[in-house]
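Residue strings, one per chain:
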Amino acid sequence: MEDCLSKKMEITVSEAEKRTGRNAVNMQETYTAYLIETRAVESQSEGQCAPVDSLWRRYSEFELLRNYLSVTYPHIVVPPLPEKRADFVWHKLSADNMDPDFVERRRIGLENFLLRVASHPVLCQDKIFYSFLTQEGGWKEMVNETGFQLKADSRLKALNATFRVKNPDKRFTELKHYSDELQSVISHLLRVRARVADRLYGVYKVHGNYGRVFSEWSAIEKEMGDGLQSAGHHMDVYAASIDDILEEEEHYADQLKEYLFYAEALRAVCRKHELMQYDLEMAAQDLTSKKQQCEELATGTVRTFSLKGMTSKLFGQETPEQREAKIKVLEEQIQEGEEQLKSKNLEGRDFVKSAWADIERFKEQKNHDLKEALISYAVMQISMCKKGIQVWTNAKECFSKM
């Protein structure tokens, strides 16, 4: 971890800016650009103030970076990006992706994504990632030159692998089920939180009615007027505080959402393993078939029904020379197939070893982060309840002085 980029460089996404430009089909569009600032840590430790380098990136460029990392490092649980459009929000908040509050939360999420990658023992060393942080012009061309998109497996192939793998690895099957359950639990938790937020918003705002009634009442009371007016003021302050409270809650919800999206990153690793297993089984099946063909040609016996077998019976057998030529070709193909199978087996073992090391790292990170987020959320709720008790304590003192 000492070699991680996060130890050598400060990385921040310091601001977001709304812009207007032309898209790929020359139509005008409005988008948000984010300012990435980096500063070397070494010179600061020597008492010098390192210069800040900065560049602007769009959300789509962050997406391109993450897609590149996912394809290039299939065995790694690649950190997810924050959501492009708001989901699981309580109805008083805007779901517009240009809403300033949402853009600010997404800015924080994008910074967190960069810090996650910069602190990962493998991803932090990637040259494309470093260029993303330091080289504004020509970065997209550099990514495309890697040819990573050609390595991306098609969805149809992935679907085939899911249903046709004969000997799936039990550990990856269980991990896929776990990621599904994790996503389901967090989704449910976020929906519950949104419903609670709606009801809480209503309760707080209704306290504003106390303030209005006490204020109106104070106007017709000479001796009790000051106490009622003061109590009404406390209620008004209490009612207004809910907006800041629920905005703070959204930041805790975003921390949970990150692991909602991490569940998909876990599934992606499982899919990659399924594809490798599928390719391995297909290679083994093809090798077995060629060995059988070679044996049939060598012995002159056909074990299974085939169109070729029927054709030779109807139109005559092949000459010994033709048979020898076919056997020679098959032997070459068998040798090539055995080497390929050996290579795929070795590749599969390396993938499993690397993937499980990264999954263990991810689990440790997940346990720490979710524990911290839930404790912080509970502390916030306790603080909120204490403020409510204080408001009513203040109102009680106001009533006592009447």
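Located above this text is the structure these notes cover.
Parameters and conventions
Residues numbered from 1 in each chain as written. Predicted model: local features only at pLDDT ≥ 70, side-chain atom pairs only at ≥ 80, totals over all residues. Heavy atoms only, no water. Helix = DSSP H or I, 4+ residues; strand = E, 2+ residues; numbered from the N terminus. Contact = heavy atoms within 4.5 Å. Areas by Shrake-Rupley, 256 points an atom, 1.4 Å probe, with all protein chains shown as cover. Patch = residues over 30% accessible without salt bridge, like charges linked within 9 Å, V, L, I, M, F, W, Y side chains within 5 Å. Salt bridge = Lys/Arg side-chain N within 4 Å of Asp/Glu carboxyl O. Lys, Arg positive; Asp, Glu negative; His and termini not counted. Charge placed at Lys NZ, Arg CZ, Asp CG, Glu CD. Buried < 20%, exposed > 50% of the residue type's maximum accessible area, 1.4 Å probe, protein only. Core = buried A, V, L, I, M, F, W, Y, C linked by side-chain atoms within 4.5 Å. Polar contact = N/O pair within 3.5 Å; in protein donor to acceptor, adjacent residues only side chain to side chain. Axes fitted to C-alpha atoms, helices over the stretch in contact; angles between N-to-C directions. Parallel < 35°, antiparallel > 145°, perpendicular 65-115°, else oblique. Left-handed = near helix turned anticlockwise from the far one by under 90°. Phe/Tyr/Trp six-rings, centres within 6.5 Å; stacked < 30°, edge-to-face > 60°. Lys NZ or Arg CZ within 6 Å of the ring centre and 35° of its normal. Nonpolar A, V, L, I, M, F, W, Y, C, P; charged D, E, K, R; others polar.

*Asks:* Tell me about the overall build of the chain, and name the residues and values.
*Replies:* The helix and strand tally for the chain stands at 13 helices and three strands. Pairs at least 24 residues apart make up 75% of the contacts formed inside the chain by residues separated by at least 6 positions. Looking at the chain as shown, the accessible area adds up to about 23900 Å², and 53% of this sits on carbon and sulfur atoms.

*Asks:* Can you tell me about a negative patch on the surface, naming the residues and giving the values?
*Replies:* Together, Glu321, Glu324, Glu331, Glu332, Glu336 and Glu339 make up a region of like negative charge exposed at the surface. With respect to the secondary-structure elements, Glu336 resides in helix α13 (residues 320-400). A relative accessible area of 56% means that Glu336 is categorised as exposed.

*Asks:* Quick one: what's the story with the nonpolar core, residue by residue and with numbers?
*Replies:* Membership of the largest hydrophobic core comes to 34 residues, with the highest contact counts inside it found for Leu114 and Leu133. A total of seven residues in this core trace back to one element, the largest contributor, which is helix α3 (residues 59-72). In this structure Leu133 touches Leu5, Met9, Ile11, Ile36, Thr38, Leu55 and Leu114, once residues within four positions along its chain are discounted. Residues Val77, Ala253, Phe351 and Trp356 belong to the second largest nonpolar core, which totals 23 residues.

*Asks:* Outline the pattern of salt bridges, supporting the account with residue identities and numerical values.
*Replies:* The tally for this structure, following the rule as stated, stands at 24 salt bridges. As a salt-bridge pair, Asp254 and Arg105 come within 3.2 Å of each other at their nearest N and O atoms. Residue Asp254 is located in helix α11 (residues 242-299), and its partner Arg105 is located in helix α4 (residues 100-118); the two are separated by 149 residues in the primary sequence. With a shortest N-O distance of 2.6 Å, Glu249 and Arg193 are connected by a salt bridge. Of this pair, Glu249 sits in helix α11 while Arg193 sits in helix α9 (residues 170-218), and the two are 56 residues apart along the sequence. The exposure classification of Glu249 matches that of Arg193, with both residues buried. Linked by salt bridges that have partners in common, Asp180, Glu264, Arg267 and Arg271 make up one network.

*Asks:* Explain helix α5 (residues 127-134) to me, and be specific about the residues and the numbers.
*Replies:* For α5, every residue scored as buried is listed here: Ile128, Phe129, Ser131, Phe132 and Leu133. The N-cap residue of α5 is Asp126: its side-chain oxygen and the backbone nitrogen of Ile128 are 2.8 Å apart.

*Asks:* Kindly report on the packing of α9 against α13, identifying the contributing residues and their values.
*Replies:* α13 packs onto α9 with a crossing angle of 15° between their chain directions and a minimal axis gap of 14 Å. On the basis of their axis angle, the class for α9 and α13 is roughly parallel. At the point where α9 passes α13, the crossing takes the left-handed sense. Facing Arg171, Phe172, Leu175, Tyr178, Leu182, Arg193, Leu200, Tyr204, His207, Tyr210 and Phe214 of α9, the residues of α13 in contact are Phe351, Val352, Ala355, Trp356, Ile359, Lys366, Tyr377, Met384, Trp392 and Phe399.

*Asks:* Kindly report on the side chain of Arg267, identifying the contributing residues and their values.
*Replies:* Following the sequence through the fold, Arg267 ends up in helix α11. A relative accessible area of 11% means that Arg267 is categorised as buried. For Arg267, the side chain forms a polar contact with the side chain of Glu264, separated by 2.7 Å. Those residues within four positions of Arg267 in sequence are excluded, and the remaining contacts are Lys176, Ser179, Asp180 and Gln183.

*Asks:* Outline the side chain of Ser179, supporting the account with residue identities and numerical values.
*Replies:* Along the polypeptide, Ser179 turns up in helix α9. By relative accessible area, Ser179 is classed as buried at 0%. Other than its neighbours up to four places away in sequence, Ser179 contacts Ala263, Leu266 and Arg267.

*Asks:* Describe in detail the packing of aromatic side chains, supporting the description with residues and values.
*Replies:* With the rule as written, the count across this model stands at 14 aromatic pairs. Ring geometry for Phe62 and Phe113: centres 6.5 Å apart, planes at 65°, overall edge-to-face. Of this pair, Phe62 sits in helix α3 while Phe113 sits in helix α4, placing them 51 residues apart in sequence. The class of Phe62 is buried, set by a relative accessible area of 0%. Plain terms: the ring middles of Tyr210 and Trp392 are 5.6 Å apart, the flat faces sit at 85° to each other, and that makes the pair edge-to-face. Of this pair, Tyr210 sits in helix α9 while Trp392 sits in helix α13, and the two are 182 residues apart along the sequence. Joined through ring pairs, the aromatic side chains of Phe62, Phe113, Phe132 and Trp139 make up one cluster. Note that Arg19 overlies the ring of Trp56, its terminal NZ or CZ placed 4.5 Å from the centroid. Directly above the aromatic system of Tyr31 lies the positively charged group of Arg58, at a separation of 3.8 Å from the ring centroid.

*Asks:* So what's going on with the packing of α11 against α13? Residues and values would help.
*Replies:* Direction vectors running N to C along α11 and α13 enclose 165°, while the axes themselves pass 8 Å from each other. With respect to α13, the axis of α11 lies roughly antiparallel. The crossing of α11 and α13 is left-handed. Along the lines of polarity and charge, the residues of the contact of α11 with α13 split into 30 nonpolar, ten polar and 14 charged.

Distances and angles like these do not, on their own, reveal function.
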